[in-house]
Amino acid sequence: MLIARLIADPADLETRLDVASQELERRGMPIAAAAMLDFCGDVLQISLPEGDAGVLREVFDTHFGPTDGLIAQDTIAVPHLFVSDMDSTMIGQECIDELADYAGLKDQIAGITERAMQGELDFEAALRERVGLLAGLDETAIERCLAERIEPSTGAATLVATLKSKGCHTVLVTGGFHHFADPVAERIGFERVVGNRLAVGEGALTGELAAAVVDSETKLDTLRAEAERLGQDAITMAAGDGANDIPMIDAADYGFAYRAKPKARTAANGWIDRGDLTAILKLLAIPESEWVRA
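Calculation rules
Starting afresh in each chain, residues are numbered from 1 along the sequence in its written order. Since the coordinates come from a predicted model, pLDDT governs what is reported: local features require at least 70, and pairs of side-chain atoms require 80 or more to be given and counted, while whole-chain, interface and lining totals use all residues. Water and hydrogen atoms play no part in the side-chain values, which are based on all heavy atoms of the structure. Buried, partly exposed and exposed residues are distinguished by accessible area as a fraction of the type maximum, computed with a 1.4 Å probe on protein chains only: under 20%, between the cut-offs, and over 50%, respectively. Under the scheme used here, helices are H or I runs from DSSP no shorter than 4 residues and strands are E runs no shorter than 2 residues, and both carry numbers assigned from the N terminus. Note that the arc is defined by the directions from the helix axis to the C-beta atoms. Note on contacts: a residue pair qualifies if any of its non-hydrogen atoms lie within 4.5 Å across the two residues. Between the N-to-C directions of two axes lies an angle of 0 to 180 degrees, each axis being a line fitted to C-alpha atoms and, for a helix, fitted only over the stretch in contact. For classification purposes, angles smaller than 35 degrees are called roughly parallel, those larger than 145 roughly antiparallel, those between 65 and 115 roughly perpendicular, and all remaining angles oblique. Ten residues, namely Ala, Val, Leu, Ile, Met, Phe, Trp, Tyr, Cys and Pro, are considered nonpolar, four, namely Asp, Glu, Lys and Arg, are considered charged, and the remaining ones, Gly among them, are considered polar.

Quick word on helix H9 (residues 178–188)
Here H9 has its buried residues at His 178, Phe 180, Ala 181, Val 184, Ala 185 and Ile 188. Along H9, the residues classed as buried sweep out an arc of 155° about the axis, all on the same side. With respect to the buried face of H9, the exposed residues turned more than 90 degrees away are Glu 186 and Arg 187. Packing partners of the buried residues in H9 comprise helix H3 (86–90), helix H4 (95–101), helix H7 (140–148), helix H8 (156–165), strand S6 (169–177) and strand S7 (192–196). Where H9 terminates, the next one or two residues include Gly 189, which has phi positive at roughly 115°.

So this is what it looks like as structure tokens:
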């Protein structure tokens, strides 16, 4: 059975549901039940005896406009593990792009970042190219960038704190850098951080990385290793926005694409296009009365 949860514009929701139901019926995917969740009143839950999740997503996109949603093959439950990307997911910025601004290179580096996140460039090669362009930048620019530019995405701290209150283990895994990820994780509340390390010498960036590259395979390996540690029945959730998040998103029981690039959105069975990160809590049916505001 497919279980889908959807948050959409409430205007004419019933009419749009009727039209969507008719299309699904024509495509051999009749809806068995549809109702608003009791404790999350803006979440519509739809159950189908069988069907293709991709077709269901297509119908949602066609008839409901920008939405937040989750499609699962079974009953949806609070996950035991949450692994998330950082840049443009848990924070609203790409750290390397903002850091590049202090070297007068933001437009050049941001263009490479965008192409890498779209999946048009090899991630490691693009990362090394961007880091190389920052050679000679004073290390103090990192602290300035953190203080002046980097802000958590709306709802990030509440999402993490609430999940932790439910016994969920939280991990921040990023193709970005520990110089940023460590303070961001502390601010938001993540329990573990996996990231790249910028090499620094004589008070300036050397243009090199200080350790092996954290890439899409590292993110996937982190998800798998943490899930194995928790036990074979652990329910996993991941969130990200770019091409390097796809393996992790695809492998998780609930893989959320947050305001994501098209390839990442296609790979996910959860998506946030309309609301903030607390929409994930609604889609997990955690009542607002149980949210931990942070």
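Regarding the packing of helix H5 (residues 106–117) against helix H6 (residues 123–133)
Put simply, H5 and H6 touch, their axes get as near as 10 Å, and they point 170° apart. It follows from the interaxial angle that H5 and H6 lie roughly antiparallel. Listed contacts from H6 to Gln 108, Ile 109, Ile 112, Thr 113, Ala 116 and Met 117 of H5 are Phe 123, Ala 126, Glu 129, Arg 130 and Leu 133. Counted by class, the contact of H5 with H6 contains seven nonpolar, two polar and two charged residues.

Comments concerning the environment of Pro 66
Along the chain, the position of Pro 66 falls in the loop between helix H2 (53–64) and strand S4 (68–72). Classification of Pro 66 as exposed rests on a relative accessible area of 58%. Each C-alpha atom of the pair Pro 66 and Asp 273 lies 5.8 Å from the other, and the pair is 207 residues apart in sequence. With residues near it in sequence (within four places) discarded, Pro 66 still touches Ile 7 and Arg 274.

Any functional reading would require information that these geometric values do not contain.
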